Each structure stands twice: as C-alpha cells, then as structure tokens.
Amino acid sequence: MQSPLQIVFRDVDHSDAVESRIREKVEMLEKHSDKIVACRVTVSAPHKSKTKGNFYDIRLDITLPGEEIVVNKTHNDDHSHEDVYVTIRDAFDAARRQIKEWVQRNRGEVKNHGEAAVG
C-alpha cells in the first residue's frame, strides 16, 4: 500500500485489539491485490442503547488504480453486529469480493457482452 492505513474510531473508544484485527484483515486484502493504493477504516457505534446492545458500523474506503471501493456495513438491526469483530468480518468479506471482481475485470477475465442487436 502506498499510503499508510488510516483507522478512525468514531463514537466508540479506541481498542488496540480491534485495531490489530483490522490490520490483519487489511493484510489479507493485500494478498488478493498488491495494487491497493490507500485504505481508510472507520469504526463507529452511532446508536447507544441501554436496553439493547451497541451496534457497530464499519466503513471501508479502499483506493485502487482507477477505482474507489466503498463498503459500508451498517447494523440494520442485525443483532450479530452487536459484536464489533463480526461487523469487521462482514465488511472485509464484502471488500474482498469487490477487490476480486476488480482484479478479474483488469485481467480481462470478465466476459464483456457486446451491444444488444436492435432489430
């Protein structure tokens, strides 16, 4: 990665363990593509509830040559996202799929459909 990884904690206390997990996940993404220019990860807990658990949101902004991949995993009342590690996993899984698609497009492995015949 050309730029240093940026990790931002918003409305949630900083956690070395969470930051470490994010760094591991970013390293895994770099195995799928060494073309990642920059990556910014935002961890937030916008909804604090006394009766329900805290939900976490993760936003990934990944810059590749000619493309920006944005993954925004919000809780949408998914109770598994009360665990920050599950939310991180889901966000990075989505990013991995998008990076794989980008790599395939750039290698020409994705079939391009010609223009539809008009008749």
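In this text the structure is predicted, and so the values were computed from the model without any measurement.

A.B. asks: Explain the overall build of the protein chain to me, and be specific about the residues and the numbers.
C.D. replies: Each helix and strand in the protein chain was counted, giving two helices and four strands. Reading the protein chain from its N terminus to its C terminus gives the helix and strand order β-α-β-β-β-α. Relative to its full complement of 119 residues, the protein chain shows a buried share of 35%. Long-range pairs, those at least 24 residues apart, make up 60% of the contacts in the protein chain between residues at least 6 apart in sequence. Surface accessibility of the protein chain: about 7800 Å² in total, with carbon and sulfur atoms responsible for 44%.

A.B. asks: Could you give me a rundown of helix H2 (residues 84-107), with the residues and numbers involved?
C.D. replies: Taking 1.5 Å as the rise per residue, H2 with 24 residues should run 34 Å; its terminal C-alpha atoms sit 34 Å apart, in good agreement. Every buried residue of H2 is accounted for by Val-84, Val-86, Thr-87, Ile-88, Asp-90, Ala-91, Phe-92, Ala-94, Ala-95, Ile-99, Trp-102 and Val-103. Buried residues along H2 sit against helix H1 (16-32), strand S2 (38-44), strand S3 (57-64) and strand S4 (67-73). Regarding H2, its N-cap is Asp-83, as a side-chain oxygen of that residue lies 3.0 Å from the backbone nitrogen of Tyr-85 further along. At the C-terminal side of H2, Gly-108 shows a positive phi close to 80 degrees.

A.B. asks: Give a description of the pattern of salt bridges that names residues and reports values.
C.D. replies: Per the stated rule, a full pass over the model turns up six salt bridges. Its salt-bridge partner being Arg-21, residue Glu-24 comes within 3.9 Å of it at the nearest N-O pair. Within this pair, Glu-24 and its partner Arg-21 are both found in helix H1, separated by three residues, close to a single helical turn. Taking relative accessible area as the criterion, Glu-24 reaches 43% and is therefore assigned partly exposed. With relative accessibility at 32%, the residue Arg-21 sits in the partly exposed group. The shortest N-O distance in the salt bridge between Arg-59 and Asp-61 comes to 3.1 Å.

A.B. asks: Outline the sheet that holds S2, listing residues and values.
C.D. replies: Strands sit in the order S1-S2-S3-S4 across an open sheet of four strands; the sheet is mixed. The sheet is open, and its two edges are formed by strand S1 (6-10) and S4, each paired on a single side. Strand-to-strand, the axes of this sheet are offset by a mean angle of 10 degrees, without reference to chain direction. With seven bridges connecting them, S3 and S4 associate as antiparallel partners. Among the inter-strand pairings, Thr-63 is bridged to a residue of S4, identified as Glu-68.

A.B. asks: Provide a residue-level description of the nonpolar core, including the pertinent values.
C.D. replies: In terms of nonpolar packing, the biggest core is built from 28 residues, with Ile-22, Val-41, Leu-60, Ile-62, Phe-92 and Ile-99 touching the most fellow members. Elements with a minimum of two residues in this core: S1, H1, S2, S3, S4 and H2. Per element, the largest residue contribution to this core is nine residues, and it comes from H2. Among residues more than four places away in sequence, those in contact with Ile-22 are Ile-7, Val-41, Val-43, Ile-88 and Phe-92.

Reading guide: rules and limits
Residues numbered from 1 in each chain as written. Predicted model: local features only at pLDDT ≥ 70, side-chain atom pairs only at ≥ 80, totals over all residues. Heavy atoms only, no water. Helix = DSSP H or I, 4+ residues; strand = E, 2+ residues; numbered from the N terminus. Buried < 20%, exposed > 50% of the residue type's maximum accessible area, 1.4 Å probe, protein only. Contact = heavy atoms within 4.5 Å. Areas by Shrake-Rupley, 256 points an atom, 1.4 Å probe, with all protein chains shown as cover. Expected span 1.5 Å × (residues − 1). Polar contact = N/O pair within 3.5 Å; in protein donor to acceptor, adjacent residues only side chain to side chain. Salt bridge = Lys/Arg side-chain N within 4 Å of Asp/Glu carboxyl O. Pairing = 2+ DSSP bridges. Axes fitted to C-alpha atoms, helices over the stretch in contact; angles between N-to-C directions. Core = buried A, V, L, I, M, F, W, Y, C linked by side-chain atoms within 4.5 Å.

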